[in-house]
Amino acid sequence: MASYVLRNWIGMFISSRWKFEWRYWRGNTPWDTNITPPEVMEFIAAAPPGKALDLGCGTGTNAITLARHGWQATGVDFAPKAIRAARRKAKQAGFKIDFHCADASNLGMLHGPFDYVLDIGCLFTLNENQRIGYARELARLLRPQGDYMLYAWMPRPWKGDVWGISTDAVESLLSDALVRTRLVIGKEKGHPSAWYWYRRRNPRIADLLKPLPS
């Protein structure tokens, strides 16, 4: 009976968002390739360096790549073990990068504006309320005309559930503050996924006239 209860508890633990931390501890992190995707390298080659924010940064591979190309990089991930690894990798590479262990939907410790925000595999893992908070923080932190790139699974069956986010859901979530400039739909291991390119809209006059909170 005790072993059944233990297995059931472990199953519930792993099925939560903390399964990522569990997998970092086990070393079972197939998403952690230590390779920056060509889509990001293409952006880096075309854009002047500035301030960059990597949401769901994992062990810091892309933040380090950005720093190597002259960017002032900041990384956020909710998995403590990933952040510890990111700090260690950045130090070994000789770069000063701010890494924060935090939820991407609640980034009060950060102050923008950022010129570039990158998300590879973070947004689609969040629940509906967290996605709303994420979009609010993204709009707050990204400068007007700043660039945002997102890689996300489209809805797919995964471990008895459905994971992912549709292109319509992404657009509905972000379109008030950002305008989509490009979309590429592809496949990852036979399942649909997408790259999105967005740009921060200029603030509306009505927003500028809103009174500041007291």
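Residues numbered from 1 in each chain as written. Predicted model: local features only at pLDDT ≥ 70, side-chain atom pairs only at ≥ 80, totals over all residues. Heavy atoms only, no water.

Undergrad: What am I meant to see in the pattern of salt bridges here?
TA: Where charged atoms of side chains with opposite charge meet at close range, the side chains can pair. Applying the stated criterion to the full structure yields 5 salt bridges. Note that Glu42 and Arg182 form a salt bridge whose closest N and O atoms lie 3.6 Å from each other. Here Glu42, found in helix H3 (residues 38-46), pairs with Arg182, found in strand S8 (residues 178-188); they are 140 residues apart in sequence, far enough to count as distant. Since its relative accessible area comes to 37%, Arg182 is described here as partly exposed. In this structure, Asp115 engages Arg143 in a salt bridge whose closest nitrogen and oxygen atoms are separated by 2.6 Å. (Salt bridge = Lys/Arg side-chain N within 4 Å of Asp/Glu carboxyl O. Helix = DSSP H or I, 4+ residues; strand = E, 2+ residues; numbered from the N terminus. Buried < 20%, exposed > 50% of the residue type's maximum accessible area, 1.4 Å probe, protein only.)

Undergrad: Would you explain H3 in this entry?
TA: The periodicity of an α-helix, 3.6 residues per turn, causes residues three or four positions apart to be oriented the same way. When H3 is considered as a whole, its buried residues turn out to be Val40, Phe43 and Ile44. Each buried residue of H3 lies within a common arc of 100 degrees when the element is viewed along its axis, so the set occupies one face. Exposed positions of H3 whose direction lies more than 90 degrees from the buried face are Pro38, Ala45 and Ala46. Elements in contact with the buried residues of H3: helix H4 (61-68), strand S4 (114-120), strand S5 (142-153) and strand S9 (191-200). (Arc of directions from axis to C-beta. Contact = heavy atoms within 4.5 Å.)

Undergrad: Just checking my understanding: could you explain the confidence of the model for the protein chain for this structure?
TA: When pLDDT is averaged along the protein chain, the result is 86; 80% of the residues meet or exceed 70. Counting contacts from residues 1-16, a segment whose pLDDT is below 50, to residues more than four positions away or on other chains yields 5 contacts. (pLDDT = per-residue confidence, 0-100.)

Undergrad: Help me out: how do you make sense of the nonpolar core in this one?
TA: A general tendency of soluble globular proteins is for nonpolar side chains to be buried together. Formed by 57 residues in total, the largest nonpolar core has its most connected members in Tyr116, Tyr134 and Tyr148. In terms of residue count, S5 provides more of this core than any other element does, 7 residues in total. Residues contacting Tyr134, with those up to four places away along its chain left out, are Leu55, Ala104, Ser105, Asp119, Cys122, Leu123, Leu126 and Tyr148. (Core = buried A, V, L, I, M, F, W, Y, C linked by side-chain atoms within 4.5 Å.)

Undergrad: Looking at this structure, I do not really get unusual backbone geometry. What am I missing?
TA: It is generally the case that most residues other than glycine have a negative phi and that most peptide bonds are trans. Following Gly112, the chain continues to Pro113 via a peptide bond in cis, the omega torsion being 5 degrees. Considering the arrangement of structural elements, one finds Pro113 in the loop between strand S3 (98-101) and S4. In the Ramachandran plot, Gln145 falls in the positive-phi region, its phi being about 70 degrees despite a non-glycine side chain. Relative to the elements of secondary structure, Gln145 occurs in strand S5. Residue classification places Gln145 among the partly exposed residues on the basis of a relative accessible area of 37%. If you check the backbone angles, Lys189 has positive phi at about 50 degrees while not being a glycine. You can see Lys189 is positioned in the loop between S8 and S9. By relative accessible area, Lys189 is classed as exposed at 75%.

Undergrad: What should I look at first to understand helix H5 (residues 80-93) in this one?
TA: Between its first and last C-alpha, H5 extends 20 Å over 14 residues, near the 20 Å set by a 1.5 Å rise per residue. Downstream of H5 by one or two residues, Gly94 has phi in the positive range, about 85 degrees. (Expected span 1.5 Å × (residues − 1).)

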